[in-house]
Amino acid sequence: MQQDLGVQPDVAELKEHDDKPAKKGNNEIVEWIKAIVIAVILVVLIRWLLFKPFIVDGPSMKPNFHTGERLIVNEILYDIRKPKKGEVIVFHVPSEGRDFIKRVIGVAGDTVKVEGDTVYVNGEPIKEPYIQAEIDNRHKENMTYNNKDFPNESFPDGKVPEGHIFVMGDNRSDSTDSRMIGYVPLGDIVGRADVIFWPVKDMEWINH
């Protein structure tokens, strides 16, 4: 009787210990599932609320951007501050029913003048290293890189109004921009293009 009484507690204790690892393992799986679900939700929220993919379509930003490239556009930056000169932005063009990608040349209060291959902001010629090689190549052939000046007949006032910006494409002779469509309202801006993520060979942070 004494031996039987001594065995029974040992068996019960073994069963108790057998159950604990199983319960612990199940809890770990549940926690991992929760973590994955939360991570997916966060990625989706960040993707739709803060960043937006954009596909380059057309030659207007050559040589720096090409048709088919996928970009990540930062949608929250301009809720914090206004666009700065030199930044590459994506914005709505209601008259075209689509989005454009261009470079900011002038902001509210600036006076912009485009004369041949020289762009003046407030009377001073600006440096444009992002297209200088293209300009130099055209000049070697006794040609100009730009074929559309500003102000012009369509837009005779060169001063950027409050709440607007002046934009141009890097491919000056093949770009529909502020020289043709006028100043861009800040409310039409989608965000700043920050990263080229596809194709992989072109992947890079965009230099503004």
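See the structure above.
Bear in mind that the values here come from a model prediction, so they are computed numbers and not experimental data. (Residues numbered from 1 in each chain as written. Predicted model: local features only at pLDDT ≥ 70, side-chain atom pairs only at ≥ 80, totals over all residues. Heavy atoms only, no water.)

Peer 1: Please set out empty space enclosed by the protein residue by residue, giving values where relevant.
Peer 2: By the definition in use, this model includes one cavity of 30 Å³ or more. By volume, the largest cavity amounts to about 30 Å³. Val114, Gly116, Asp117, Val119, Glu128, Ile135, Asn146 and Arg172 together form the lining of the largest cavity. Of the residues assigned to the lining of the largest cavity, the class counts are three nonpolar, two polar and three charged. (1 Å grid on protein atoms, 1.4 Å probe; cavity = no way out; pocket = protein on both sides within 12 Å on 5 of 7 lines; lining within 4 Å. Points joined across faces, edges and corners; volume = space filled by probe spheres on them. Nonpolar A, V, L, I, M, F, W, Y, C, P; charged D, E, K, R; others polar.)

Peer 1: Explain the sheet that holds strand E7 (residues 124-125) to me, using residue names and the numbers behind them.
Peer 2: If you trace the three strands from one edge of the open sheet to the other, you get E5-E6-E7, paired in antiparallel fashion. Both outer strands of the open sheet, strand E5 (112-115) and E7, are each paired with one neighbouring strand and no more. As judged from the four bridges shared by E5 and strand E6 (residues 118-121), these two strands associate in the antiparallel manner. Bridge pairing links Val112 to Val121 in E6. (Pairing = 2+ DSSP bridges. Helix = DSSP H or I, 4+ residues; strand = E, 2+ residues; numbered from the N terminus.)

Peer 1: Go over the nonpolar core, please, and point to the residues and values.
Peer 2: A general feature of soluble globular proteins is that nonpolar side chains tend to end up buried together. Ile105, Val112, Val114, Phe150, Phe166 and Met168 are the most contacted members of the largest nonpolar core, which totals 14 residues. Put simply, the parts of the chain that give this core at least two residues each are E5, E6 and strand E8 (164-168). By size, the runner-up hydrophobic cluster in this structure holds 13 residues, among which are Phe54, Val56, Phe65 and Ala193. (Core = buried A, V, L, I, M, F, W, Y, C linked by side-chain atoms within 4.5 Å. Buried < 20%, exposed > 50% of the residue type's maximum accessible area, 1.4 Å probe, protein only.)

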